[in-house]
Amino acid sequence: MDNRKSLFLFRHAKSDWDADYSSDHERPLASRGVSAAKKMGAVLADSKKLPELVICSTATRARQTLELASRKGEWDTEIQYSEQLYDCKSNEMVALLNQMDNSLSSIMLVGHEPT
């Protein structure tokens, strides 16, 4: 029996610093980011190694990255959103992972630098 676990860390695509947004949390993707998110969605789907669960930051750019990637790659993956991933430290990310069902063999976190 294979007990290995996989963790995918997926940073949001390039955001648009010049866009009109009310807070950093609401900053959207740049057109370059839209293209990159779609490309990564297809690349991950082609790899046949998609996660069982995706936990995504609630920030606009992270949600857009995930939505574009999963649509383009036709992922059939459970998705959860976590405000905690927006501005967390690495130990908080580990704590979040430790709360997940141990039966999961693969999880993807969609978040931000530097975490």
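Residues numbered from 1 in each chain as written. Predicted model: local features only at pLDDT ≥ 70, side-chain atom pairs only at ≥ 80, totals over all residues. Heavy atoms only, no water.

Enquirer: Before we move on, could you go through helix H1 (residues 31–47) and cite the residues and values that matter?
Expert: Between its first and last C-alpha, H1 extends 25 Å over 17 residues, near the 24 Å set by a 1.5 Å rise per residue. Taken together, the buried positions of H1 are Gly33, Ala37, Gly41, Leu44 and Ala45. Axial view of H1: buried residues confined to an arc of 105°, hence all on one face. Among the exposed residues of H1, those pointing more than 90 degrees away from its buried face are Ser31, Arg32, Lys39 and Asp46. Check the buried side of H1 and you find it contacts strand S1 (6–11), helix H2 (60–73) and strand S4 (106–111). Backbone geometry just after H1 places Lys48 at a positive phi near 60°. (Helix = DSSP H or I, 4+ residues; strand = E, 2+ residues; numbered from the N terminus. Expected span 1.5 Å × (residues − 1). Buried < 20%, exposed > 50% of the residue type's maximum accessible area, 1.4 Å probe, protein only. Arc of directions from axis to C-beta. Contact = heavy atoms within 4.5 Å.)

Enquirer: Lay out the side chain of Thr77 in plain terms, naming residues and giving numbers.
Expert: For Thr77, the location among the structural elements is in the loop between H2 and strand S3 (78–82). Under the relative-accessibility criterion, Thr77 is labelled buried at 14%. Looking at Thr77, its side chain comes within polar contact range of the main-chain oxygen of Pro51, at 3.4 Å. The contact partners of Thr77, leaving out residues within four places of it in the chain, are Leu50, Pro51, Glu52, Leu53 and Val54. (Polar contact = N/O pair within 3.5 Å; in protein donor to acceptor, adjacent residues only side chain to side chain.)

Enquirer: How would you sum up the sheet that holds strand S2 (residues 53–57)? Please name residues and give values.
Expert: Strand order in this open sheet of four strands is S1-S4-S2-S3, and the pairing throughout is parallel. Taken across any chain shown, the strands that pair with only one partner, and hence form the sheet edges, are S1 and S3. With strand direction ignored, the average angle separating the axes of adjacent strands in the sheet is 20°. Inspection of the sheet shows S1 paired to S4 by six bridges, in the parallel sense. Paired with Arg11 across the strands is Gly111, a residue of S4. Each of S1, S2, S3 and S4 is contacted by H2, which is oriented at about 145° to S2, the strand it contacts most. (Pairing = 2+ DSSP bridges. Axes fitted to C-alpha atoms, helices over the stretch in contact; angles between N-to-C directions.)

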